[in-house]
Amino acid sequence: VNLRTVYAFAREMYPKRVNKDIQYGTAGFRGKAEDLDYVMYRMGLLATLRSRQTNGQVIGVMITASHNPEPDNGVKLIDPKGEMLEPRWEKLATDLVNVSDSELEAHVTKLIADENISITQSSHVFVGMDNRYHSPRLLKAVADGVIALKGCVKEFGILTTPMLHYLVVCANTRCAYGMPTEEGYYKKLITAFEDLRGDTLDNGNYKNLLLFDGANGVGARKMLQFLKRMKNSLNVNVFNSGQGKINHECGADYVKVQQCAPSGMPIAEPNTRCVSVDGDADRVMYFFTDENGVFHLLDGDRIATLIAGYLMDMVKECGIELNLGLVQTAYANGASTNYIVNELQIPVSCVPTGVKHLHHKALDYDIGVYFEANGHGTIVFSEKAKQEIKDVAENSENNQHKASASRFLKIIDLINETVGDAISDMLLVETILQAKGWDLKQWLATYTDLPNLQLKVKVQDRNVITTTDAERVCVTPNGLQDEINKVVANYKKGRSFVRPSGTEDVVRVYAEAATKDEADRLAYEVGVLVH
Ligand code: 16G
Ligand code: ZN
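Owing to the predicted nature of the structure, the values given are computational and were not obtained by experimental measurement. Think of each chain on its own: its residues are numbered from 1, step by step along the sequence as written. Key to labels: chains lettered from A, ligands numbered from 1, both in the order written. Confidence filtering applies because this is a predicted model: local features only for residues at pLDDT of at least 70, side-chain atom pairs given and counted only at 80 or more, and all residues used for totals across whole chains, interfaces and linings.

A.B. asks: How should I be thinking about the overall build of the protein in this particular structure?
C.D. replies: A helix here means a DSSP run of H or I that spans at least four residues, while a strand means a run of E at least two residues long, and both kinds are numbered starting from the N terminus. From N to C terminus, the protein includes 18 helices and 19 strands. Across its three principal directions, the C-alpha atoms of the protein cover 70 × 60 × 45 Å. Once C-beta atoms are placed from the backbone, each residue is buried if 20 or more other C-beta atoms lie within 10 Å of its own, exposed if 12 or fewer, and partly exposed for counts between those two. For the protein, the residues scored as buried account for 48% of the 531 residues in total. Contact between residues is assigned whenever the C-beta positions, reconstructed from backbone atoms, fall within 7 Å. Contacts spanning at least 24 positions in sequence make up 71% of the contacts within the protein whose residues lie at least 6 apart.

Pasting the structure below:
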């Protein structure tokens, strides 16, 4: 590799025009698309080096700004096991992006030496992008970065984020997880879904009709691809399929934050099942409007409880014992936590915000279910769990156990274990609702959410706030937590916490209480303390 050419090229084609330092945050780098060309080129360089360091395993680079507005874009790297980039490398990414053009050469040379990277090792990078109009230009910048260091780049074009995670894992496990192609992905999920679904599509209150809000993002396109390949096993009407602006008044984040239906969808019959995904289809929300015109949301906490309860029953029906646990963050509604612990009697752990924390903790269980309230989540199965279920399916003399275990194996196939996947999660929820014969009202009736409110507070330096105990307790500034405690003590079922955002320059305040009015007041009172 001629490093000189790499940097001459970088300076000419992808000069660093931005002086402000940026950070590889919980969701990678994000910003205005026009400021990101040099970031993408440098992430192409970094992904190549990371691949070399991991003995040539495939590294993923996803170009997306998820639920952000259309002018934004972003990039995140996927490690060989399909996980988020290792924290040490997040730091290397931040450093690499912030050096000036003239420092770039010396910086990369030092990185190669410090990390003991063999420059002759082969290297493989998979790149995917969402459907923003500036994504192709940014994808080319990533590819140029890979090629500059003589790595192999495979461009998949438009993908959902979870599809790219799937592809990376398939490639690195020699197809044990599935075929590393877009068709392989559809085939794995559709085969499992249609086997589970059987021929009787309606069951009890479960009706085979779903209105799908694609957020004008990749989720809509890919849902249409699913439908082309499915045998009418799910009747889905796709809206916000790409004519409008991505995430504009639609999508999972809009529905969750605004607590209302997205625009671009017709007024349906009351109680019709509706679903929203976000711009890169790694978050999902269910909702409906009842006969009185009241909007009801079934968010990530709800999906987690539905899935965890169902899987626990499945374990019992197989006649085996596996430890199943649920992972949440502090944003999980207190009522959901109560329901899981007291009614479902499933252990719950709470971790800091960000997929990597949830995913990591979920691996502690035989079956780990994790979801953020915002709709991002999945289920991970240990090898032991998979093996035991397989044993029952193949060898049990109890026919009922055997049949349940076969069904369980299909459920595992339907789940994208590599990361939260809106479409896979949705197909799983559809499977469970169909099996139970439930409509959304019945699902909603399992517990009642505590009213809550989230606020953003602008402060001079959000990093003066540090937290512990999964972000539920403030360590600094000194005395702030005591003040919060005093305020919270005045509210029935009151709970509140504050934390610096990892994606925006704000402090977030969360509050819940017995009534909406009290939750709002509590949030404002705590907000004032932060100010
Ligand atoms: C990122 C995280 C998401 C988290 C959100 C919180 C990943 C892939 N995404 O989008 O899990 O909920 O940040 O944002 O980890 P905040 O720090 O601004 O509240
Ligand atoms: Zn997303």
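A.B. asks: Could you clarify how one ought to interpret the UniProt feature "domain: Alpha-D-phosphohexomutase C-terminal" (unreviewed entry) in the protein in this entry?
C.D. replies: When the UniProt feature table is mapped to this numbering, "domain: Alpha-D-phosphohexomutase C-terminal" (unreviewed entry) covers residues 483-525. A distance of 10 Å separates the end C-alpha atoms of residues 483-525, which is 37% helix and 28% strand. UniProt positions are given in the numbering used here, feature names are shortened, and annotations may be inferred rather than shown by experiment.

A.B. asks: Teacher, can you tell me more about the sheet that holds strand β6 (residues 210-213) here?
C.D. replies: Remark on secondary structure: sheet strands pair via backbone hydrogen bonds, oriented parallel or antiparallel. Spatially, five strands are ordered β7-β6-β8-β9-β10 in an open sheet, and the strand pairing comes out mixed. One side of each edge strand has no neighbouring strand; the edge strands of this open sheet are β7 (236-239) and β10 (295-298). Along the sheet, successive strands turn relative to each other by an average axial angle of 25°, direction set aside. One requirement defines pairing of two strands: DSSP has to find at least two bridges between them. Pairing of β6 with β7 involves four bridges; the strand directions are parallel. If you follow Leu-211 over to β7, its bridge partner there is Asn-237. In this analysis, axes come from line fits to C-alpha atoms, helices being fitted only over the stretch in contact, and the angle between any two N-to-C directions falls in the range 0 to 180 degrees. Running over the sheet, helix α8 (residues 218-229) touches β6, β7 and β8 (274-277) and is turned about 155° from β7. Contacts from helix α15 (residues 422-436) reach β8 and β9 (284-289), with the element oriented near 50° to β9.

A.B. asks: When you look at the packing of helix α2 (residues 37-53) against helix α5 (residues 135-148) in this model, what are you seeing that I'm missing?
C.D. replies: Two packed helices can be described by the angle between their axes and the distance between those axes. Running from N to C, α2 and α5 point in directions that differ by 40°, and their axes come no closer than 7 Å. It follows that α2 is oblique to α5 by the angle criterion. Regarding α2 and α5, the two cross each other, and that crossing is right-handed. In this structure, α2 uses Asp-37, Met-40, Tyr-41, Arg-42, Met-43, Gly-44, Leu-45, Ala-47 and Thr-48 to contact α5, whose residues at the interface are Leu-138, Ala-141, Val-142, Ala-143, Asp-144, Gly-145, Val-146 and Ala-148. Any angle that is under 35 degrees is reported as roughly parallel, and any over 145 degrees as roughly antiparallel; angles of 65 to 115 degrees are reported as roughly perpendicular and all others as oblique. Rotating anticlockwise by less than a right angle from the far helix to the near helix defines a left-handed crossing, while the corresponding clockwise rotation defines a right-handed one.

A.B. asks: Sorry if this is basic, but what is going on with the UniProt feature "binding site: substrate" (unreviewed entry) in the protein here?
C.D. replies: Per the UniProt annotation, the sites labelled "binding site: substrate" (unreviewed entry) are Glu-372, Ala-373, Asn-374, Arg-499, Pro-500, Ser-501, Gly-502, Thr-503 and Arg-508. Turning to its location among the elements, Arg-499 is positioned in strand β18 (residues 495-500). Exposure remark for Arg-499: the 22 C-beta atoms within 10 Å place this residue in the buried category. With respect to the helices, strands and loops of the structure, Arg-508 is situated in strand β19 (residues 507-512). Once you skip the residues sitting within four places of it in the chain, Arg-508 turns out to touch Gln-454, Lys-456, Val-498, Arg-499 and Ser-501.

A.B. asks: How should the nonpolar core be read in this particular structure?
C.D. replies: By definition, a nonpolar core groups buried Ala, Val, Leu, Ile, Met, Phe, Trp, Tyr and Cys residues that are joined through C-beta atoms within 7 Å. Counting 134 residues, the largest nonpolar core has Met-43, Val-61, Val-142, Ile-307 and Val-369 as the members making the most contacts within it. Of the residues forming this core, the biggest block, nine residues, is contributed by α2. Setting aside its immediate chain neighbours within four residues, Val-142 contacts Met-40, Met-43, Gly-44, Val-61, Ile-63 and Val-127. Counting residues in hydrophobic clusters, the runner-up holds 20 residues, among them Ala-373, Ile-484, Val-498 and Val-509.

A.B. asks: Looking at this structure, how should I read the site of ligand 1?
C.D. replies: Taken together, 13 residues surround ligand 1, and among them Ala-27, Val-355, Ser-501, Gly-502 and Thr-503 come closest. Tallied by class, the residues present in the shell around ligand 1 amount to two nonpolar, eight polar and three charged. Residues are counted as near a molecule or strand when the C-beta atom, derived from backbone positions, lies within 6 Å of that molecule or strand. Each residue receives one of three labels: charged for Asp, Glu, Lys and Arg, nonpolar for Ala, Val, Leu, Ile, Met, Phe, Trp, Tyr, Cys and Pro, and polar for the others, Gly being one of them.

A.B. asks: Is there a simple way to explain helix α6 (residues 161-172) in this structure?
C.D. replies: Working note: α-helix, 3.6 residues per turn, so residues spaced by three or four point in the same direction. With 12 residues, α6 ought to run about 16 Å at 1.5 Å a step, and its terminal C-alpha atoms sit 17 Å apart, in line with that. Here α6 lies mainly inside the structure; 12 of its 12 residues are buried. Considering only its buried residues, α6 is in contact with β2 (58-63), β3 (72-78), β4 (124-129), β5 (152-158), α7 (182-197) and α15. The positive-phi residue at the C-terminal boundary of α6 is Arg-174, with phi of around 50°. A helix is expected to reach a length of 1.5 Å times the quantity of its residues less one.

A.B. asks: Is there a simple way to think about the packing of α7 against helix α14 (residues 399-414) in this case?
C.D. replies: One way to put it is that α7 packs onto α14 with a least axis distance of 8 Å and a crossing angle of 145°. As α7 runs across α14, the sense of the crossing is left-handed. Mapping the contact onto sequence places Lys-188, Leu-189, Ala-192, Phe-193, Asp-195 and Leu-196 in α7 and Arg-407, Lys-410, Ile-411, Asp-413 and Leu-414 in α14. Among the residues making up the contact of α7 with α14, the classes are represented as six nonpolar, no polar and five charged.

A.B. asks: Looking at this model, I keep getting lost on the pairing of β3. Mind explaining?
C.D. replies: In the case of a regular strand, side chains alternate between the two sheet surfaces. Across the seven residues that make up β3, a large majority, seven, are buried. Taking every second residue as pointing to the same face, both faces of β3 are buried, with Asp-72, Gly-74, Lys-76 and Ile-78 on one and Asn-73, Val-75 and Leu-77 on the other. Here strand β1 (residues 29-32) runs beside β3; their pairing, made up of four bridges, is antiparallel. Residue Arg-30 lies in a different strand from β3, and its bridge partner there is Gly-74. Sheet topology places β2 next to β3; four bridges connect them, and they run antiparallel. When the sheet's bridge partners are listed, Met-62 is paired in β3 with Lys-76.

A.B. asks: When you look at the sheet that holds β1 in this model, what are you seeing that I'm missing?
C.D. replies: Spatially, β1-β3-β2-β4-β5 is the arrangement adopted by the five strands of the open sheet, whose pairing is mixed. The open sheet has two edge strands, β1 and β5, and neither has a second partner. When strand polarity is set aside, the average angle formed by the axes of neighbouring strands in this sheet is 15°.

A.B. asks: Explain the environment of Val-277 here, please?
C.D. replies: By the secondary structure assignment, Val-277 is in strand β8. The spatial distance from the C-alpha of Val-277 to the C-alpha of Val-238 is 11 Å, given a sequence separation of 39 residues. Beyond its immediate stretch of four places on either side in the chain, Val-277 contacts Gly-214, Ala-215, Gly-219, Gly-251, Ala-252, Arg-283, Val-284 and Ala-422.

A.B. asks: Any chance you could explain the domain arrangement of the protein here in plain terms?
C.D. replies: When the parts come together, some accessible area is lost, and that loss is often what is quoted as the size of the interface. Residue ranges assigned to each domain were obtained from an automatic or database domain assignment. Examined at the domain level, the protein breaks down into domain 1 (3-158), domain 2 (184-298), domain 3 (300-418) and domain 4 (452-530). Taken together, the contact between domain 1 and domain 3 spans four residues of the former and six residues of the latter. When the residues that make up the side of domain 1 that touches domain 3 are grouped by side-chain class, the tally is one nonpolar, two polar and one charged.

A.B. asks: In this structure, what is going on with the confidence of the model for the protein? I would like to understand it.
C.D. replies: In low-pLDDT segments, the atomic positions of the prediction should not be examined closely. A residue's pLDDT is the predictor's confidence in that residue, given on a scale from 0 to 100. Averaged over all residues, the pLDDT of the protein is 96; the fraction at 70 or higher stands at 99%. As scored by the predictor, the complex reaches a pTM of 0.96 and an ipTM of 0.98.

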